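What follows is the residue order along each chain.
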Amino acid sequence: MAFSPMLALYLAASRWMVPLANRKLASRLAEGKEDPDRINERRGIASQPRPKGELVWFHAASVGESLSLLDLIESLIDERPDLNVLITTGTRSSADLLESRLPDQTIHQFVPLDAQSFVQAFLEHWRPDVAVWTESELWPSLICETSERGIAMISLNTRISGDSYKKWLWVRGAARALLGKFDLFLAQDRITAKHLQRLGARANRVRINGSLKESSGALPHDEEERTEISAALETRP
C-alpha cells in the first residue's frame, strides 16, 4: 500500500481536530446550515439504533447524488429483502428532500466531520458490511478508518473533472494512498477512468459504468403542470 507523508500528517492532525470541528459546527449552526436537533450526528453520535443483519452504507455529497441513489437502493432491497441500508449526506437540503422519499429499510444520517474520534464513533455504531461513496466525495479519515476495519469499499458514479485532476496532481502521493484503499471504482466516463489510473488507482479496479443520474427515475411532479410548462417553452432551451 502506498505511503504518503502528507496523508499521514493529515491523519495525525485529525486526532486533535475535535475543538476545531466543534467551532466549525457552531458556526454552521448559527448560519442555519446544520439541523440543531441532529447536530450530534455530525459528531458521529447516531440518532437511531443500528438494525440487525447486513448493512450497506452509501455516502452522497448532496441533493443530486443522494437522489440518484434511490432507485438503486430500492432495487437492492427488492433483491435482498433482508438487507438494511444507511445513507449519509452533509447538507440539510438533502436530508429534507430524502425524508419523504427514503425506501423501506433505509436510514438517513448526517455524515460525521472528518475528525478521527467522530469518524470512529460513527463506524463503531453502524459497523457497515459495505461502504459506497458516490462521485468524488473523499474524506481521508473516513476512508482510512473504514479501510482499517476491513470494510469493502466501492466508489460509485465516480467523476473527476479536469480541474479536480490537476488539483489532485499536487498531492499525488496522498491520492495514490487513498485510491488504493478502494476495492472498485465505477467511473462515469473514460476521462475519469484515465484520471483515476494516473493518480494511482489499479487498472483492474476501474470500470466505466456511465452516470447513475442518467438512469434514475423522474422526480416527483405534477404531470399536468409539467405538460403545460413544456408546451409554453416549446423548443426554447
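The rules behind these values
- Residues numbered from 1 in each chain as written.
- Predicted model: local features only at pLDDT ≥ 70, side-chain atom pairs only at ≥ 80, totals over all residues.
- Heavy atoms only, no water.
- Salt bridge = Lys/Arg side-chain N within 4 Å of Asp/Glu carboxyl O.
- Pairing = 2+ DSSP bridges.
- Helix = DSSP H or I, 4+ residues; strand = E, 2+ residues; numbered from the N terminus.
- Axes fitted to C-alpha atoms, helices over the stretch in contact; angles between N-to-C directions.
- Patch = residues over 30% accessible without salt bridge, like charges linked within 9 Å, V, L, I, M, F, W, Y side chains within 5 Å.
- Areas by Shrake-Rupley, 256 points an atom, 1.4 Å probe, with all protein chains shown as cover.
- Lys, Arg positive; Asp, Glu negative; His and termini not counted.
- Charge placed at Lys NZ, Arg CZ, Asp CG, Glu CD.
- Buried < 20%, exposed > 50% of the residue type's maximum accessible area, 1.4 Å probe, protein only.
- Expected span 1.5 Å × (residues − 1).
- Bend = angle between axes of the 7 residues up to and from the residue.
- Phe/Tyr/Trp six-rings, centres within 6.5 Å; stacked < 30°, edge-to-face > 60°.
- pLDDT = per-residue confidence, 0-100.
- Parallel < 35°, antiparallel > 145°, perpendicular 65-115°, else oblique.
- Left-handed = near helix turned anticlockwise from the far one by under 90°.
- Contact = heavy atoms within 4.5 Å.
- Nonpolar A, V, L, I, M, F, W, Y, C, P; charged D, E, K, R; others polar.

**Some points on the pattern of salt bridges**
A complete count under the given rule lists nine salt bridges for this structure. A salt bridge links Lys33 to Glu31; its shortest N-O distance comes to 3.2 Å. The structure contains a network of salt bridges with shared partners spanning Arg28, Glu34 and Arg42.

**Some thoughts on the sheet that holds strand 2 (residues 84-89)**
With parallel pairing, seven strands are arranged side by side in an open sheet as 3-2-1-4-5-6-7. In this open sheet, the two edge strands, each paired with only one partner strand, are strand 3 (106-110) and strand 7 (206-208). Ignoring which end each strand starts from, the neighbouring axes of this sheet average 20° apart. Bridge count between strand 2 and strand 3: five bridges; the pairing is parallel. Among the inter-strand pairings, Ile87 is bridged to a residue of strand 3, identified as His108.

**Re a negative patch on the surface**
Together, Asp71, Glu74, Asp78, Glu79 and Asp104 make up a region of like negative charge exposed at the surface. Tracing the chain through its elements places Glu74 in helix 3 (residues 63-79). Given the relative accessible area of 37%, Glu74 is considered partly exposed.

**Observations regarding helix 3**
Along an α-helix, residues three or four positions apart point the same way, because every turn accommodates 3.6 residues. Its 17 residues place the ends of helix 3 25 Å apart at the C-alpha level, agreeing with the 24 Å of an ideal helix rising 1.5 Å per residue. Of all the bends in helix 3, the greatest, near 30°, is centred on Leu70. When we look at burial in helix 3, the residues that qualify are Glu65, Ser66, Leu67, Ser68, Leu69, Leu70, Ile73 and Ile77.

**Structural notes on the packing of aromatic side chains**
In the structure shown here, the tally under the stated rule is four aromatic pairs. Here Phe182 and Phe185 contribute two aromatic rings whose centre-to-centre distance is 5.2 Å and whose plane-to-plane angle is 45°, an arrangement assigned as tilted.

**Here's the deal with the confidence of the model for the protein**
A residue-level look at the protein finds 95% of positions with pLDDT of 70 or above and a mean pLDDT of 91. The least confident element of the protein, judged by mean pLDDT, is helix 10 (residues 212-215) at 60; the most confident is helix 5 (residues 116-126) at 98.

**Some thoughts on the packing of helix 3 against helix 4 (residues 92-99)**
The contact between helix 3 and helix 4 brings their axes to 9 Å, and the two run at 25°. Put simply, helix 3 runs roughly parallel to helix 4. Where helix 3 crosses over helix 4, the two elements pack in a sense that is right-handed. Of helix 4, the residues touching helix 3 (which contributes Val63, Ser66, Leu67 and Leu70) are Ser93, Ser94, Leu97 and Leu98. Here the contact of helix 3 with helix 4 is built from residues that sort into five nonpolar, three polar and no charged.

**Comments concerning the environment of Leu20**
On the secondary structure map, Leu20 appears in helix 2 (residues 18-30). On the basis of relative accessibility, which here comes to 51%, the residue Leu20 falls in the exposed class. Leu20 sits 95 residues away from Ala115 along the chain, and the two C-alpha atoms are 9.0 Å apart.

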